[in-house]
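# Commentary on secondary and tertiary structure
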Amino acid sequence: MSRVLVERAMAGDHDAFSELTHRSIAKLHAIARLILRDDELAEDATQEALVAAWRWMPRLRDPDRFEAWMRRLLVHACYRESSRSKRRRHIEASVVPTVDLEPDPGLAFARRDELARGFERLSPEQRALIVLRFYLGLSPQEIADVVGYPVGTVKSRLSRATQRLRAALDADARVPVIGGWVA
Amino acid sequence: MNTINEFDELLTAWLADEAPATEPDGLALVALARTRRTRQVASTGLLERWLPMELTFRRPMLAMPTRLLAILLALMLLLIAAMSVPLLLGERSLPAMVASEWRNGLIAYARVGDIWVVDPQVGEPQVLIGGMTADDEPGWSPDGTRIAFVRDVGGKAALMVADADGTDIREVMRDPLPSIDWYAWSPDGTRLAVESAGRVGTVSIGDGPDDGILETVPIDRSLSMPSWHPEGTSFLVRAETPDGTGLFPVSFPGRAIGRSIRKSDTTSPLYAGDRGRSDLMEAAYSPDGSRIAYLQGQLATDGRYGVFGGPDTRNHVMDADGTNDQVIEFSPTSDYEDGASFSPDGTRLSMVIREGDFHQIAVMTLDGSRLPVATEPEEDPNAMPAIWSPDGRQILAVRIADGVSYLIDPDTGVKTMQPWLANWADWQRLPVAP
């Protein structure tokens, strides 16, 4: 991300912020979509994060940390959307793809489907940690900067989230399925 | 799953596949249209440059919109005027609030899958229920001796109860539910009203042959949090029934649906709003059961109907039989107001006031004997409904975005940030020692 663009946006140049937005919005939306598992909520969270970023840009302490700061705003916006939607009872049950009971040539598809179901079971906070670590490839220190926990807490929470995911996969894998291809 | 590396690789590949490659059409344009209308905060060389953002990420008073500042200024002047009335007229003084028969216990809250407790006087949170389980939404029993919470069990939701010290954790129901959207302790602490996927019922706690079974109420659909009458003889639901939609009492025992206390206007656009049928929501009895607070959208002055959670939504209070309905409004200029919560003595109502991207917690006296008070606006349009301390002397408010918690003096609106983060908090109520 260009430091010059960030500095111009910090100084109130909306064209610069527009350029920053166009460069980053696809990734931001992808992160929000992964965390929230809902198109509408992800769009809302992305918008909210961008509006907050524009408003508070003049007080960004270090232009080089714009990306991390933006992710932080986004993750908090995701928490907010998640809490709000839960409170309002408008989260609709996620539609889990129906498992095709035809024998699958490889195990990957089945594994991915199990992964999707396991991921759905995680809390938004746990999903955020997983997304930051495995989708963005951030280090525990970088994740700590985003979520605002100490590094040790990030490590333990991340470990816990991945263990839950692995446990879900292992549990699913132990359940015989009609057709016998997952036994 | 054979190895950690295999799992990591699978997870990374799956996330890459799941992530949308491009943003939805028009998202950037919509966001930038909003930012174009949004004023940036002033750059400053003050504390914000040096302190962690979570300590400074709030709106300075001077950056408030003029309208809001004017309202606050007017309220301060009114407060000063009201305080000077007794001095000028001699005798009349503000009525004393009724002393609570309860004292404050611990605040329980959920954080990343664990249930934590904190004594706000001490301020050192401790894990009450930890481990590898994913636990959420704690709620103290009415006598403060037990705590309920929702546990994720293989993707389903189990309602759990533990002793107040976190021991003797038990599953309330014999089988977990697809979800638990709300639960409420009965006043005598023997059972819980539960809402799950549009159904509502009660379940008794114990090991007897009739315990642990969710006895559902024969209604088509409920979207409201059940609220028990303080006598425990009924609870209130928002329901869609063959006879109409609205707020209904459900008798207990028997689970018979009574006559509607207030019916929805199903012809209004509000009823079929884009976020669902949510015209009457969040109904709750006052502590003595004589009144009901609830949330409803209103016909705006320009003829538009408000949408739940959108503009023109306001809190109402009515008598328990549905009469004497009145709007409890803090400000006619606010975007929307919700989250009503009765004080323990039932004389006041805390509410969440939202304007733009900010919210305030306001406290209204229902008989108008005191002027409303409100906190300084907080950067975050969303807040959980505030929670009164059992002794009625404090209010706990939580900023949804990051769980930052404040204790508010309900007499002045002055708030104090707490050094702990709370989500889904509940305040333990303990009897005053004789």
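Just so it is clear, the structure is predicted and the values come from calculations on it, not from any experiment. (Residues numbered from 1 in each chain as written. Chains lettered and ligands numbered in written order. Predicted model: local features only at pLDDT ≥ 70, side-chain atom pairs only at ≥ 80, totals over all residues. Heavy atoms only, no water.)

Looking only at helices and strands, chain A has eight helices and zero strands in total. When burial is assessed residue by residue, chain A has 56% of its 183 residues classed as buried. Contacts spanning at least 24 positions in sequence make up 64% of the contacts within chain A whose residues lie at least 6 apart. Summed over its atoms, the accessible surface of chain A is roughly 7700 Å², and 50% of this surface lies on carbon and sulfur atoms. (Helix = DSSP H or I, 4+ residues; strand = E, 2+ residues; numbered from the N terminus. Buried < 20%, exposed > 50% of the residue type's maximum accessible area, 1.4 Å probe, protein only. Contact = heavy atoms within 4.5 Å. Areas by Shrake-Rupley, 256 points an atom, 1.4 Å probe, with all protein chains shown as cover.)

The subject of this paragraph is the overall build of chain B. When you go through chain B residue by residue, the secondary structure sums to four helices and 30 strands. The 434 residues of chain B split such that 51% are buried. Within chain B, counting contacts between residues at least 6 apart in sequence, those at least 24 apart form 44% of the total. When the accessible surface of chain B is summed, it comes to about 19700 Å², and 55% of that surface belongs to carbon and sulfur atoms.

Okay, the pattern of salt bridges next. A full pass over the atoms with the stated rule returns 22 salt bridges over all chains. Where Arg157(A) meets Asp114(B), a salt bridge forms, and the shortest distance between an N and an O atom there is 3.3 Å. Taken together, the positions of Arg157(A) in helix 8 (residues 151–174) and Asp114(B) in strand 2 (residues 114–118) put the pair across two chains. In this structure, Arg291(B) and Asp319(B) form a salt bridge, with 3.7 Å as the shortest nitrogen-oxygen distance. (Salt bridge = Lys/Arg side-chain N within 4 Å of Asp/Glu carboxyl O.)

Let us now look at the sheet that holds strand 4 (residues 134–140) of chain B. All names here are of chain B. Taken together, the four strands give an open sheet; going across it, the order is 4-5-6-7, and neighbouring strands pair in antiparallel fashion. Each edge of the open sheet carries a strand with a single partner, namely strand 4 and strand 7 (170–171). One ladder, built from five bridges, connects strand 4 with strand 5 (residues 146–153); its direction is antiparallel. Across the sheet, the residue bridging to Asp136 is Val150, located in strand 5. (Pairing = 2+ DSSP bridges.)

Residue and element names in this part refer to chain A. With 75% of its residues at a pLDDT of 70 or more, chain A shows a mean pLDDT of 75. Least confident of the elements in chain A is helix 8, whose mean pLDDT is 76; most confident is helix 2 (residues 14–36), at 93. Contacts from residues 175–183, a stretch scored under 50 in pLDDT, to residues over four places away or in other chains number 17 contacts. (pLDDT = per-residue confidence, 0-100.)

Moving on, we come to the environment of Tyr336(B). Inspection of the secondary structure puts Tyr336(B) in strand 21 (residues 336–342). For the pair Tyr336(B) and Thr313(B), spaced 23 residues apart in sequence, the C-alpha separation works out to 4.8 Å.

Residue and element names in this part refer to chain B. Taking strand neighbours across the sheet as the criterion, the four strands line up as 3-2-1-30 in an open arrangement whose pairing is antiparallel. Lying at the two open borders of the sheet, with one neighbouring strand each, are strand 3 (126–129) and strand 30 (423–431). On average, adjacent strands in this sheet sit at an angle of 35° to one another, irrespective of strand direction. For strand 2 and strand 3, the ladder comprises three bridges, and the chain directions are antiparallel. (Axes fitted to C-alpha atoms, helices over the stretch in contact; angles between N-to-C directions.)

Moving on, we get to helix 2 (residues 27–36) of chain B. The α-helix winds at 3.6 residues per turn, so residues separated by three or four positions along the chain end up facing the same way. Residues and elements named next belong to chain B. Looking at helix 2, one finds that the buried residues are Leu27, Ala28, Ala31, Leu32, Arg34 and Thr35. On an axial view of helix 2, the arc spanned by its buried residues comes to 155°, and they lie on one face. Seen from the buried face of helix 2, the exposed residues on the opposite side, beyond 90 degrees, are Leu29 and Arg36. (Arc of directions from axis to C-beta.)

Before going further, it helps to examine the packing of helix 6 (residues 124–135) of chain A against helix 7 (residues 140–147) of chain A. Residue and element names in this part refer to chain A. For the pair helix 6 and helix 7, interaxial distance at closest approach is 10 Å and the crossing angle is 140°. Judged by the inter-axis angle, helix 6 sits oblique to helix 7. Taken as a pair, helix 6 and helix 7 cross one another with a handedness that is right-handed. Residues Leu129, Leu132 and Arg133 of helix 6 pack against Ile143, Val146 and Val147 of helix 7. Residues that form the contact of helix 6 with helix 7 fall into these classes: five nonpolar, no polar and one charged. (Parallel < 35°, antiparallel > 145°, perpendicular 65-115°, else oblique. Left-handed = near helix turned anticlockwise from the far one by under 90°. Nonpolar A, V, L, I, M, F, W, Y, C, P; charged D, E, K, R; others polar.)

With that settled, consider helix 2 of chain A. Residue and element names in this part refer to chain A. Compared with the 33 Å implied by 1.5 Å per residue over 23 residues, the 29 Å span of helix 2 between its first and last C-alpha is markedly short. A distance of 2.9 Å separates the backbone nitrogen of Asp15 from a side-chain oxygen at the start of helix 2, and that oxygen is part of Asp13. Positioned one or two residues after helix 2, Arg37 has a phi angle of 60°, which is positive. (Expected span 1.5 Å × (residues − 1). Polar contact = N/O pair within 3.5 Å; in protein donor to acceptor, adjacent residues only side chain to side chain.)

Residues and elements named next belong to chain A. Going through the model one piece at a time under the given rule, you end up with five aromatic pairs over all chains. When the centroid spacing of 5.3 Å and the interplanar angle of 55° are considered together, the rings of Phe17 and Trp54 count as tilted. Of this pair, Phe17 sits in helix 2 while Trp54 sits in helix 3 (residues 39–56), and the two are 37 residues apart along the sequence. In this structure, Phe17 and Trp54 share a single accessibility class: buried. (Phe/Tyr/Trp six-rings, centres within 6.5 Å; stacked < 30°, edge-to-face > 60°.)

This part is about the environment of Leu396(B). All names here are of chain B. With respect to the secondary-structure elements, Leu396 resides in strand 27 (residues 395–398). Judged by relative accessible area, Leu396 falls into the buried class, the value being 1%. Not counting residues within four places of it along the chain, the set of residues in contact with Leu396 comprises Ile107, Ala386, Ile387, Ser405, Tyr406, Leu407, Trp420, Ala425 and Trp427.

Another point: the confidence of the model for chain B. All names here are of chain B. Across chain B, pLDDT averages 78, with 74% of residues at or above 70. Averaged over each element, pLDDT in chain B is lowest for helix 3 (residues 53–56) (36) and highest for strand 7 (96). In the model, residues 44–64 has pLDDT below 50 throughout and makes 45 contacts with residues more than four positions away in sequence or in other chains. Here residues 84–98 scores under 50 on pLDDT; set against residues more than four positions off or in separate chains, the count is twelve contacts. Reported confidences for the modelled complex are a pTM of 0.61 and an ipTM of 0.80.

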